[in-house]
Amino acid sequence: MIRSFRPVCTGTVLLTAAALACSVPEGPPRVGDDLPELSYESLTTGEMVQLADYEGNVVLLNLWATWCPPCRAETPYLQSVYEEFYDQGLRVVGISTDDPSAVDAVRMFTDEAGVTYDILLDPQSSSTGVFGAFGLPMTLLIDREGVVRWFLMAPIVENDPTFLQAVRDLLG
């Protein structure tokens, strides 16, 4: 798992046991953290897909939403990265955090954008909590063994040399 959750204590010493039971993620993943065991419905097939199913490949995991302008803007670049590096073992996986009523909007946007990489649906936005994302988009690069090796909590700038070098290094 990425990390355990820790209780957040605010206020005075007179907090109740119920208040102390509340927990939140510690924050974004750290390089070296294992990818959590999560599964989501595939937009294409409707079947459940586990993130562990991608083990053996380098994975670019992108948390996004259709209502997020920077997410929409970076999608064509992610598609081009997918096309450029697919044969070397890169898999791009987009996790849509749109609410359940937006499945048609997700499908329409990905069709219009020509997205051919995997899109998974997270209608409860659980991935944002698990990954400690306080904004979208958020992108992680995962190595072939399922370990976080790079992440960015902002849009990827097209042709960013640091990002591209991280992809190339992981692909070997």
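Above this text sits the structure in question.
Engineer: Hey, could you go over the sheet that holds strand β6 (residues 90-96) for me, with residue numbers and the actual values?
Structural biologist: Ordered by their spatial adjacency, seven strands build an open sheet running β4-β3-β7-β6-β5-β8-β9, and the pairing between neighbours is mixed. With partners counted over all chains shown, the strands left at the sheet margins are β4 (48-50) and β9 (148-152), one partner each. The mean inter-strand angle of the sheet, taken between neighbouring strand axes irrespective of direction, is 30°. Across the face of the sheet, helix α3 (residues 103-112) comes into contact with β5 (58-64), β6 and β7 (118-121) while running at roughly 170° to β7.

Engineer: Go over the packing of aromatic side chains, please, and point to the residues and values.
Structural biologist: What the rule picks out here adds up to five aromatic pairs. Ring centres 5.9 Å apart and planes at 65° place the aromatic pair Y82 and Y117 in the edge-to-face group. Remark: Y117 occurs in the loop between α3 and β7 and Y82 occurs in helix α2 (residues 69-85); sequence separation between them is 35 residues. You can call Y117 buried: its relative accessible area is 6%. One aromatic cluster is present, formed by Y77, W150 and F163 through successive ring pairs.

Engineer: Which residues make up the nonpolar core, and what values do they have?
Structural biologist: Of all hydrophobic cores here, the largest spans 29 residues; its most connected members are L60, L90, L141 and F163. Mapped by element, the contributors of at least two residues to this core are β5, α2, β6, α3, β7 and α5 (161-171). Each residue touching F163, except ones within four places of it in the same chain, is listed here: L60, Y77, V81, L141, W150 and I156. L38, L51, L63 and V93 belong to the second largest nonpolar core, which has 18 residues in total.

Engineer: Run through the environment of R149, naming residues and quoting values.
Structural biologist: With respect to the element layout, R149 can be found in strand β9. Counting along the chain gives 18 residues from R149 to V167, while the straight-line C-alpha distance between them is 9.6 Å. With residues near it in sequence (within four places) discarded, R149 still touches V31, G32, L141, D143 and L170. A polar contact is formed between the side chain of R149 and the side chain of D143, at a distance of 2.8 Å.

Engineer: So what's going on with the pattern of salt bridges? Residues and values would help.
Structural biologist: In this structure the tally under the stated criterion is two salt bridges. Where R107 meets D104, a salt bridge forms, and the shortest distance between an N and an O atom there is 4.0 Å. In this pair, R107 and D104 are both assigned in helix α3, three residues apart and thus about one turn of the helix distant. The closest approach of N and O atoms between D143 and R149, which form a salt bridge, is 2.8 Å. Judged by its relative accessible area of 37%, R149 falls in the partly exposed class.

Engineer: Quick rundown of the state of the cysteines? Include the residues and the values.
Structural biologist: Taken as a whole, this structure holds one disulfide when the rule is applied. Across the disulfide from C68 sits C71; the S-S distance is 2.4 Å. Its S-S torsion of approximately 75° makes the covalent link between C68 and C71 right-handed.

Engineer: An account of the environment of T128 is requested, with residue identities and associated values reported.
Structural biologist: Note on placement: T128 falls in helix α4 (residues 126-130). A sequence separation of 64 residues divides T128 from W64, and the C-alpha atoms of the two residues are 9.5 Å apart.

Engineer: Just give me the short version of the packing of α2 against α5, but keep the residues and values in it.
Structural biologist: Helices that pack against each other are described as a pair by the angle of their axes relative to one another and the distance between those axes. Two elements in contact, α2 and α5, have axes separated by 12 Å at closest approach and are oriented at 30°. Judged by the inter-axis angle, α2 sits roughly parallel to α5. Crossing hand, α2 versus α5: right-handed. Every residue of α5 that contacts α2 at Y77, V81, E84 and F85 is listed here: F163, L164, V167, R168 and L171. When the residues that make up the contact of α2 with α5 are grouped by side-chain class, the tally is seven nonpolar, no polar and two charged.

What counts as what
Starting from 1, residues in each chain are numbered consecutively following that chain's sequence as written. Confidence filtering applies because this is a predicted model: local features only for residues at pLDDT of at least 70, side-chain atom pairs given and counted only at 80 or more, and all residues used for totals across whole chains, interfaces and linings. Side-chain numbers come from the whole structure's heavy atoms, not from hydrogens or water. In this scheme, strands are said to pair when DSSP sees at least two bridges between them. Here a strand is any run of E in DSSP of at least two residues, a helix any run of H or I of at least four, and the numbering for each starts at the N terminus. Where helices are involved, their axes are fitted lines through C-alpha atoms of the stretch in contact, as for all axes, and angles between N-to-C directions lie from 0 to 180°. Contacts: residue pairs with any heavy atoms within 4.5 Å of one another. To pair, rings of Phe, Tyr and Trp, with the six-membered ring standing in for Trp, must have centres within 6.5 Å; the planes then decide the type, stacked if under 30 degrees apart, edge-to-face if over 60, and tilted in the middle. Three labels apply to residues, based on accessible area from a 1.4 Å probe with only protein chains included: buried if under 20% of the type maximum, exposed if over 50%, partly exposed otherwise in between. Within this scheme, the nonpolar core is defined by two criteria: the residues are buried Ala, Val, Leu, Ile, Met, Phe, Trp, Tyr or Cys, and they are joined through side-chain atoms within 4.5 Å. By the criterion applied in these results, polar contacts are pairs of N or O atoms within 3.5 Å in which, for protein atoms, one can donate a hydrogen and the other can accept it, and in which residues neighboring in sequence qualify only through two side-chain atoms. For this document, the term salt bridge refers to a Lys or Arg side-chain nitrogen within 4 Å of an Asp or Glu carboxyl oxygen. Two cysteine sulfurs form what is called a disulfide whenever their separation falls within 2.5 Å. To sort the angles, those under 35 degrees are grouped as roughly parallel, those over 145 as roughly antiparallel, those from 65 to 115 as roughly perpendicular, and the leftovers as oblique. Left-handed is the label given to a crossing in which the near helix is rotated counterclockwise from the far helix by less than a right angle, and right-handed is the label when the rotation is clockwise. Here the term charged refers only to Asp, Glu, Lys and Arg, the term nonpolar to Ala, Val, Leu, Ile, Met, Phe, Trp, Tyr, Cys and Pro, and the term polar to all other amino acids, Gly among them.

Such coordinate-based values are descriptive only and should not be taken to indicate function.
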